[in-house]
Structure formats: C-alpha cells, structure tokens
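# Commentary on secondary and tertiary structure
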Amino acid sequence: MLSSSSLHPETVAAVRVLRERYPDTPFLTLGQTVFWDEPVKATLSRIFAILEKEGAIAKGTQMVAGVHDTDYFAKLEGLTIRDTPFVVLRHNDGDTHGLWSAAGEVSALFGSEVVPSRQDFTRQNVALGKAARAYFGGQESLLNQETEAPLWRALVHTEDRPIIAAEVKLGEIAPALRQQLRWAFRSSLESTGCEPDFEIEHEDDCHARAAVRSLWNWVNEFIEARPEALLTDLYRDLIPRMWALLNSGPVNNLSTTASLDLFRFAPETCHLPRFHFLDLFLNPATRDLAKRCYNDAVRGSGIYALDQFGEGALPFDVVIPGIGRGTLRVFGDSVSIETEPETQLCQHCHIESVAQLAALLKSKYGEDVALVGKAVSLISMLSAEFIFVFHEKASAYTSRTQQMNDAIRAQGVELQLHPMLRVKLSAWDAIEEVDANFNLPPHLSKAFKTPSISARDLSHRWQEVVEQGDTTRARLKAANNSRELMEELAQLSGAQWREREQAYVGALGALQMINERAKVLSREVEAIRNEAKATTESATHLEREKGDWFRANIAPLREQIFDIHEAAASRLNPTDENGKPRKLTKQERAEQTELEKSEAAQIESLRQKIAQLEPQHHQFDAEVEATLTKARELRSLANERLRAQRQIEQSAETLTARQTRDQLEERAELARLYLMRDAMMASDSLRYTNYRPTSWWFPLVSPEGKWFSALARTAKARIENL
C-alpha cells in the first residue's frame, strides 16, 4: 500500500506548495488521443488521493483531463488513397516522411515514433549514397524500409478538405481505428508471449489478452451505441475508464473536456481568465508590446514570427466548425481569419477588446466558434485558470512561452498565471518488481543481445543498453574512412568483418601496386609528350631560321634578277618626247644590244650564286623534316605507352580489385547505417518511453497494478513557473 513516505519527496513538496497556494485551481492535462501517454498522468490522481487521505493536502483536488481536438487531423501531402476517408500509415523518411500525426497515433509495446532520418544518418557520418548502392532497390527502398518506426502507426485523413480533429465522425473513422488498434494490440500481445488473437475468449486466457479485450470492447460498444458520435466523444468516454483501469478503481474529482469546449469563444465566455491573454493583443495600449515580445521569443526557433502569417497577424487561431482553422488578423479597421480561402470578418470596424471580437464572431458564425492560442501563447492562455501538468521532455515551446511572459512583465504588464507541474516518470525503472517476460522487437533484441527478457532484467539493464547505444553511435561516427570503419565493424560485429577488412586491405594493396605501375607509364607518357612538344617547337624554330636565311641570302639575288627583267621590259616600246611610239636609231639599237648582253651576263651570274646557295637552303628543309619526323615518332610512342597504361588500369585484375574495394566500402556503409539505426531506435525509444510510456501498456503487462503503483511511487514532480 502506497503512503506519502513512499512517494518521491520532491513530488510531495511540489504538490503541497501548489495545493496551499492555489487551493481552488484544478490541474489540467491535455492530450490529442487517449491511446497514447496522456492517461498515465493518472499517477497524480493516485498521489493526490494518498496525500489527501493522510491530511498532507486539502481534500477535493480537482483534475481535468481534456482532448486536444482543435488541431487539424493528420494528413500526408501527396497521398493518393481516396477510396476511404481514413487510413492507417507507417512513418518513415521515405514515402511518408512528411507525415505529421495528430489525434490518431498509437504505439505498440516498446514502440515510439523514432524515425531515423537521412539527416540523422548524415550527421552520424554515414555515406548514405554508398549505403544505398549496396541496398536492394536503392535509396528509395532503403528509406522506406530501414527508417520506419516499426511499432508505431498513425490514422491519416485522406480527403482533400482538411478537417480539425473535433470534426472527425466516429462512423467514418471506425474501420481505420479498429484496424490500428487491432495491429497495436496484437503486436503488443506477441511481445508479452500471449497469443495475439484477443477478440475471442479462450479458456487459457492470459491476463494481457484479457486487458486489451476490455479496451477493445469499450471502443466497439461505444461505436455501436453511438455511431453518430464524434471521435472526441469516444476519447472523452474512454478517459475516466482508462484512469480507473490504471488506478484499479474509479478516480474521484476527475472531469473531462475538449479543447473545442475549453476555447469556445462567445460573449458568454470571453470574460473567462483564459482569454485575458488575448486581450493584450487586442488592446491598442498593449498590442504592439505584446506582439514584439512574442516575435522576440520565437526568433531563431523555427516558429513563424507574426508577420509571416500576414499583416496584423496575432498568435491565435480561430476555429470555425465546417470552415476550418486560421490565424486571426487585426489590422487597421479590418479583421480577417486566414482560413482557406481567407475569411473576411469585417471592414471599417475597430476591434480593441475580447468582448468586441466575441460579439463579431457570434454575429457571423454563432456560438460554436473557438479561439486557440498558437503553441507559444496557448500555455499562457490556459495557465490563467489551470495548473498545467506536463511530462518531462514534453512541449518544446515552454521555454519560449516563459521568455515571452518575462518580456511582457518587464514592460510593467501584470500576468496572473499559474505555474506548471512537470512530472518525470521512470517507466522502465518502475517495472523491476513486475513478474513478466517479453519477446523483444528486433532492434531491442540486438541492443540487449537476447530475444527475450524478464521485466526485472529490463529494468536493471535498459540504461546500460542506452549508454552502449550512444557509445556505438559515437564510435561509428568517429570512423572517418572505410578502413577505420571496417576495424570498428570487426570489433562490433565479429570475425566476418575482420575477414572483409583483410580482403579490403588486399584490394587496396593490389590497386596501389597497379596504380604505381600506371603512374610509371603516366610519367613516361608525360615525359615523351613534353619531348615531342619541344621537338615540334624546334622544328618551328628551324622553319623560322630557314625563312630568315632565305630572306637574307637568296631573296635579294632574286630581286636583282626581277629588277633587270623589269628594266628590259620597259625598253621594249620606246616613245618620243610627246609620248608617241618611235623607232630606235641604228646607234640606239647597237647600244641596247650591248646592254642586253650585259644584263644577261648579270642574270647568269646571279643565278649561279643562287644555285650555289640552294644546297644550304635544302639542308634547312632536311633538318625541319627530320625534326618533325622525330616529333611524330615521340607522339606515337606516347600513345603506345598510354595504351599500356590504360590496359593496366582496365585489366581484369584492376577491375576485380576495384570492384572488391567499392563493394566492401558500400557494404561497410550499409552495415554502419544498420548499426546506427538500431542504436538510435533502441536508445532514443527507450529514453522516450521511459519518460512518456503509453498508458494502456500498464494493464496489459501488469493487470494487478504493480507496475503503475511503482510508477506513481517513483514519479518526480517539480514546479515550473510561467
């Protein structure tokens, strides 16, 4: 029997402070589905009951468990299934990498939404391209098969028009919901060693099968009794049943709600404290200050700043049943909602208070409108009326909320908000005394190095396994080349990789020898080509010398002969002083004959000189031709050596060694990916589920309540101010 002395002292202290300071404030839990971790917060009802019974806190502690149904129901962009409104999907980093689940996720025993992504592998030094080449089907198939969260499934809406979770009709989602739960229950029963067929009673019924049958019957009975109901109605019906199942009896002072009800925004509700935070963003005196503090808080977080939602955007969404959900925008004298398409509420109006906005919305859409804060402002809204109960590690936005609130207060604006109660659970530590044995899923079987394990051993060893997984990841990441990687694989995976490492070293050695031989030939080719180039340049130089010598020696003599011929030609047609043809005198003809004899002698003398120079001129031609012939021979030799180099590089020996090297490198990267994946899935899922276990696992594994009692006993709670 639990008593206050057996509870964690920090939890007792935190609860006492909150009950003394805020005696009339209820504790609020808010989750999207009853089939995940939210009902585990029934540990607090157990703790409250113990402390009330012993007089440590005042009686009448109120708890409100809500269904967060104002988000859009899960969709997947590009989904082609259209023959049914809802389907059950796996999550991986391939075909379903864009999946975001809301209101319809479930984890089988030991499961969580751990999806090792391509970015995760890249950060861990995995060469994904090489690994994919060794995987049958390539990268697409690898991402679809090897990055999947194996023990997790989501319900996804397939129709074109997105709908909020509060609009999901039970009759439409029931077939997919049954399929999802049937998978989760059967998978979990297999992990406990029970036969998975739970829908029919057996004489040798194991307690786990009886537990899931109760859940299954509750769901089916509600669907059959109220086929016209909404999914939210089913979840609200199951909340008190689940809390009672976990606590082995009814939970007093528990009420249920849904966020569509919590945030119903009408003239009758707008005065509630939960909407006071909205008023800061509507009141002209504080609007700019509040928006600035919000934007400063989300900067660098990946959350949109307000101007990214459009002019006048405020950090609140308006939910209009049948139309959708969109950002509230108040700018100038206009008010609109960023639904698809945009909803224009009014122009030429001035909205400066929650009362004015509530009246405007009621006039347009009646009383079923809800107004919900975006992630960072949501907590500030509800903390005005409730003490939020959060799991440790839950909600990545609270630090941004605290930063925003602190900045607003620093400007002299008072915020009357209750603190949160953070609860740190230790599910796997708490399972130590449970009499149970488990068949482990493959990634945990590898991590624990056994196919099955007792609850006691699981409790004692899980943290060691997590640390080993972290160590394995670090070691594999540190391997910066294939040789280092294979050495690590040999240590992690045994002799098989030692043999492969030796084969890899052999292939590298063969390739190195081949490369050296090829380099010798490559250097020869380069040297011969350089010599051929120099020889060609020498021939060009000789051609220039030949031209220079010709112009200096033979060309002048030929020019003289040309000039003599030109002078003789000019004398053939003599003219008088008036330019008219005339006949030469006898004396002139005699003189011309003597001149022609003299010119002929000069020409003959010049030709003899040219003839004497011709051999030297031809010698230049011979030298040029010899040089060019040598250059051609050198180029031919270079090509011959190049062919020999290519023969070496393309030989069967080379191709075999290269293929061995490449295949081993690719297989090593695939092996690194497998080990990284298993380590990530084991370490991350064990850590995550230790803090946030799925609620229905407890009666499945420990129907007598021992596991849940230990969870309550070891729960560590702390106060976190907002």
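Before any of the text, the structure's been laid out above.
In this report, we go over the structure that sits alongside the text. (Residues numbered from 1 in each chain as written. Predicted model: local features only at pLDDT ≥ 70, side-chain atom pairs only at ≥ 80, totals over all residues. Heavy atoms only, no water.)

### Structural notes on the packing of aromatic side chains
What characterises a pair of aromatic rings is the spacing of the ring centres plus the angle enclosed by the ring planes. Going through the model one piece at a time under the given rule, you end up with 20 aromatic pairs. An angle of 15 degrees between the planes, with centres 6.4 Å apart, marks the rings of tryptophan 36 and tyrosine 688 as stacked. Of this pair, tryptophan 36 sits in the loop between β1 (27–31) and α2 (42–53) while tyrosine 688 sits in helix α21 (residues 652–691), and the two are 652 residues apart along the sequence. For tyrosine 688, a relative accessible area of 31% gives the class partly exposed. (Phe/Tyr/Trp six-rings, centres within 6.5 Å; stacked < 30°, edge-to-face > 60°. Helix = DSSP H or I, 4+ residues; strand = E, 2+ residues; numbered from the N terminus. Buried < 20%, exposed > 50% of the residue type's maximum accessible area, 1.4 Å probe, protein only.)

### Section: the sheet that holds strand β3 (residues 86–89)
Strand pairing within a sheet occurs via backbone hydrogen bonds; the two strands may be parallel or antiparallel. Here we have 3 strands laid out as an open sheet, ordered β3-β5-β4, and antiparallel in their pairing. One side of each edge strand has no neighbouring strand; the edge strands of this open sheet are β3 and β4 (105–107). With direction set aside, neighbouring strand axes in the sheet form an average angle of 20 degrees. Pairing geometry for β3 and strand β5 (residues 152–157), over 4 bridges, is antiparallel. From the neighbouring strand, phenylalanine 86 faces β5, where its bridge partner is histidine 157. (Pairing = 2+ DSSP bridges. Axes fitted to C-alpha atoms, helices over the stretch in contact; angles between N-to-C directions.)

### Observations regarding the pairing of strand β9 (residues 334–337)
The two faces of β9 match: Ser334 and Ser336 on one face and Val335 and Ile337 on the other face are all buried. The hairpin turn running from strand β8 (residues 324–331) into β9, its antiparallel successor, is 2 residues long, and glycine 332 in that turn takes a positive phi close to 60 degrees. Two successive antiparallel strands, β9 and strand β10 (residues 343–346), enclose a turn made up of 5 residues.

### Thoughts on the state of the cysteines
According to the stated counting rule, one finds 2 disulfides in the structure shown. Disulfide partner of cysteine 194: cysteine 206, at an S-S distance of 1.9 Å. Its S-S torsion of approximately 140 degrees makes the covalent link between cysteine 194 and cysteine 206 right-handed. With a gap of 12 residues between them, cysteine 194 in the loop between α6 (170–192) and α7 (207–225) and cysteine 206 in the loop between α6 and α7 connect regions that are remote in the sequence. Each disulfide pairs two cysteine sulfurs, and for cysteine 346 the partner residue is cysteine 349, the sulfurs being separated by 1.8 Å. Its torsion about the S-S bond being 45 degrees, the disulfide of cysteine 346 and cysteine 349 is classed as right-handed. The pair cysteine 346 / cysteine 349 is uniform in exposure class, with both members buried. When the cysteines of the chain that form disulfides are numbered from the N-terminus onward, they connect as 1-2, 3-4. The thiol of cysteine 270 is not disulfide-bonded; the next cysteine sulfur, from cysteine 346, is found 16 Å away. Taking relative accessible area as the criterion, cysteine 270 reaches 7% and is therefore assigned buried. (Disulfide = S-S within 2.5 Å.)

### Considerations on the packing of α2 against helix α23 (residues 706–714)
Relative to each other, α2 and α23 sit at 70 degrees, their axes nearing to 9 Å. Between α2 and α23, the angle falls in the class roughly perpendicular. Residues Ala42, Thr43, Arg46 and Ile47 of α2 pack against Phe708, Ser709, Leu711 and Ala712 of α23. (Parallel < 35°, antiparallel > 145°, perpendicular 65-115°, else oblique. Contact = heavy atoms within 4.5 Å.)

### Describing the sheet that holds β8
Strands sit in the order β10-β9-β8-β7-β11 across an open sheet of 5 strands; the sheet is antiparallel. Pairing within the sheet leaves two strands with one partner each, and these edge strands are β10 and β11 (370–373). On average, each strand axis in the sheet is inclined to that of its neighbour by 30 degrees, with strand direction left out of account. Running at roughly 120 degrees to β10, helix α12 (residues 354–365) makes contact with β7 (313–320), β8, β9, β10 and β11 of the sheet. The strands touched by helix α13 (residues 375–382) within the sheet are β7 and β11, with β11 carrying the most contacts at an inclination of about 110 degrees.

### Here's the deal with the nonpolar core
Formed by 113 residues in total, the largest nonpolar core has its most connected members in Phe35, Phe73, Phe438, Trp696 and Trp707. It is α6 that provides the largest number of residues to this core, a total of 9 residues. Residues Cys270, Val335, Cys349 and Val413 belong to the second largest nonpolar core, which totals 62 residues. (Core = buried A, V, L, I, M, F, W, Y, C linked by side-chain atoms within 4.5 Å.)

### Structural notes on the environment of phenylalanine 222
Assignment of secondary structure puts phenylalanine 222 in helix α7. Its relative accessible area of 9% is what places phenylalanine 222 among the buried residues. Excluding residues that lie within four positions of it along the chain, phenylalanine 222 makes contacts with Leu170, Ala229, Asp233, Leu234 and Asp237.

By themselves these figures say nothing about function.
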